[in-house]
Amino acid sequence: MKNTVLDSPLNQVDYQSSSKNKQHKRSQTRRRQKLIGFVQFCLAMGIGFGLFHFFQHPLWYITDVQVQGLNQYNRRFILNYLSHEELIDHHLLLLNPQEIQKELLNYPMLKSVQLNRYLWPARLVLQVRGRQPVFRIYLENNTYTETNSILIDEEGMVLPISPAIHPQSKLLLSLEPS
């Protein structure tokens, strides 16, 4: 048998020690990767827990609702809506302003609704613009009583309010079926 460089006892020891070193480095790398993964997991959980508690803080819950622009025609409707919706103690970020605006604009006496949310203290400010009766149109010829008339605003919208209301002006038109 020939003695080769690989067969020498010194080379076998070097080969075995380099193999052990590689295995040791691999195990250290695996340990380090596991430790980094664990630290990343703990950080993610900590951040998630912190955000959850931050958004559950009482400062995010509505404490006041203010309404601006009320008039005699829409006051009762707006206040009744607000009492049924229970907006107080509702989470400010979970509130959908477009949905509230859409619901309020279903009432024909409201021309526009704007909802503003404010933080610290959490509150809502509703700015409403109501429709005002401008004209009275009489429906029957030669009968100028309030019960035979309708009220309209400046845009021509028929207003569902009591005929006893007196608009800014009267339009003496008689609408007869032909």
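Since the structure is predicted, the reported quantities are computational estimates derived from the model, not experimental observations.

Comments concerning the environment of Met157
In this structure, Met157 sits in the loop between strand S5 (149-152) and strand S6 (158-159). Each C-alpha atom, one on Met157 and one on Gln132, is 9.9 Å from the other, the two residues being 25 residues apart in sequence.

Things to note about the pattern of salt bridges
Following the criterion strictly, the structure yields four salt bridges and no others. Measuring nitrogen to oxygen at the nearest pair gives 2.7 Å for the salt bridge that ties Arg131 to Asp153. Of this pair, Arg131 sits in the loop between strand S3 (123-130) and strand S4 (135-138) while Asp153 sits in the loop between S5 and S6, placing them 22 residues apart in sequence. The salt bridge partner of Arg131 is Glu155, with a shortest N-O separation of 2.9 Å. With a gap of 24 residues between them, Arg131 in the loop between S3 and S4 and Glu155 in the loop between S5 and S6 connect regions that are remote in the sequence. Here Glu155 falls in the exposed class, since its relative accessible area comes to 53%. Through salt bridges with shared partners, one network takes in Lys111, Arg131, Asp153, Glu154 and Glu155.

Definitions and limits used
- Residues numbered from 1 in each chain as written.
- Predicted model: local features only at pLDDT ≥ 70, side-chain atom pairs only at ≥ 80, totals over all residues.
- Heavy atoms only, no water.
- Helix = DSSP H or I, 4+ residues; strand = E, 2+ residues; numbered from the N terminus.
- Salt bridge = Lys/Arg side-chain N within 4 Å of Asp/Glu carboxyl O.
- Buried < 20%, exposed > 50% of the residue type's maximum accessible area, 1.4 Å probe, protein only.

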